[in-house]
Amino acid sequence: MNKTILLVEDNPDDVKLTLRAFKRNNMLNPIIVARDGVEALDFLLARGAYAERASKSLPTLIILDLKLPRLDGLGVLKAIRDDEQTRLIPVVVMTSSKEEQDLIQSYSLGANSYVRKPVNFAEFLEAVRVLGIYWMMTNQPPPERNAT
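Because the structure is predicted, anything quoted here is derived from the model rather than measured.

Participant: I would appreciate a short explanation of the overall build of the protein in the present structure.
Facilitator: Scanning the protein for helices and strands turns up 5 helices and 5 strands. Secondary structure of the protein in N-to-C order comes out as β-α-β-α-β-α-β-α-β-α. Taking 15 Å as the expected radius of gyration for a compact globule of 148 residues, we find that the protein reaches 14 Å, a close match to that expectation. Considering only C-alpha atoms, the protein reaches an extent of 45 × 35 × 25 Å along its principal axes. Within the protein, residue pairs in contact and separated by at least 24 positions form 68% of the contacts whose partners lie at least 6 positions apart. Between the mean site of the 19 positive side-chain charges and the mean site of the 19 negative ones, the protein shows a separation of 5 Å.

Pasting the structure below:
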């Protein structure tokens, strides 16, 4: 099984840091980057520019920022959990938000984990390493459900 990660992040620096952290930690899983909430849902639900991927498998993990253009992370999370095809995919909210309400809402909407982005590069690398090891190697994902 190809364990793909969907990274939903609009900040190009954070995208670069996350990709570098995965590479530095020898996590070679394919990573798809969606730069806003609408693009993330288009990818997951195989619509718009991603309509051709209707029969392709879904990601094993979604890493989701909250502060996104067009549709914020909480809206994306709600849509993921409301859809039969995507509701079981583990979602890790990874955000710089320190708002307690974001934490509460993320878990209320079905996030599997909530991680605050460390500002320090070494701490960021470690956070991504631990996240990757747990979710991609240790955690047992739900059975794959291809779109029909």
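What follows continues from the structure just given.
Participant: Please explain the nonpolar core as it appears in this structure.
Facilitator: Residues Leu6, Val8, Leu44, Ile62, Leu64, Val76 and Ile80 are the most contacted members of the largest nonpolar core, which totals 22 residues. Listing elements by their share of this core, those giving two or more residues are β1 (5-8), α2 (37-44), β3 (61-64), α3 (73-82) and β4 (91-95). Contacts of isoleucine 80, omitting those with residues within four sequence positions, involve Leu41, Leu44, Ile62, Thr86, Arg87 and Val91.

Participant: Hey, could you run me through the pairing of β3 in this one?
Facilitator: Remember that side chains alternate between the two faces of the sheet whenever the strand is regular. Neither face of β3 is exposed, since Leu61 and Ile63 on one face and Ile62 and Leu64 on the opposite face are all buried. In this structure, β1 lies alongside β3, joined through 4 bridges in parallel fashion. Bridge pairing links leucine 6 to isoleucine 62 in β3. Pairing geometry for β3 and β4, over 3 bridges, is parallel. Of the residues in β4, the one forming a bridge with leucine 64 is valine 93.

Thresholds applied
Residues numbered from 1 in each chain as written. Predicted model: local features only at pLDDT ≥ 70, side-chain atom pairs only at ≥ 80, totals over all residues. Heavy atoms only, no water. Helix = DSSP H or I, 4+ residues; strand = E, 2+ residues; numbered from the N terminus. Rg over C-alpha atoms; globule rule 2.2 N^0.38 Å. Contact = heavy atoms within 4.5 Å. Lys, Arg positive; Asp, Glu negative; His and termini not counted. Charge placed at Lys NZ, Arg CZ, Asp CG, Glu CD. Core = buried A, V, L, I, M, F, W, Y, C linked by side-chain atoms within 4.5 Å. Buried < 20%, exposed > 50% of the residue type's maximum accessible area, 1.4 Å probe, protein only. Pairing = 2+ DSSP bridges.

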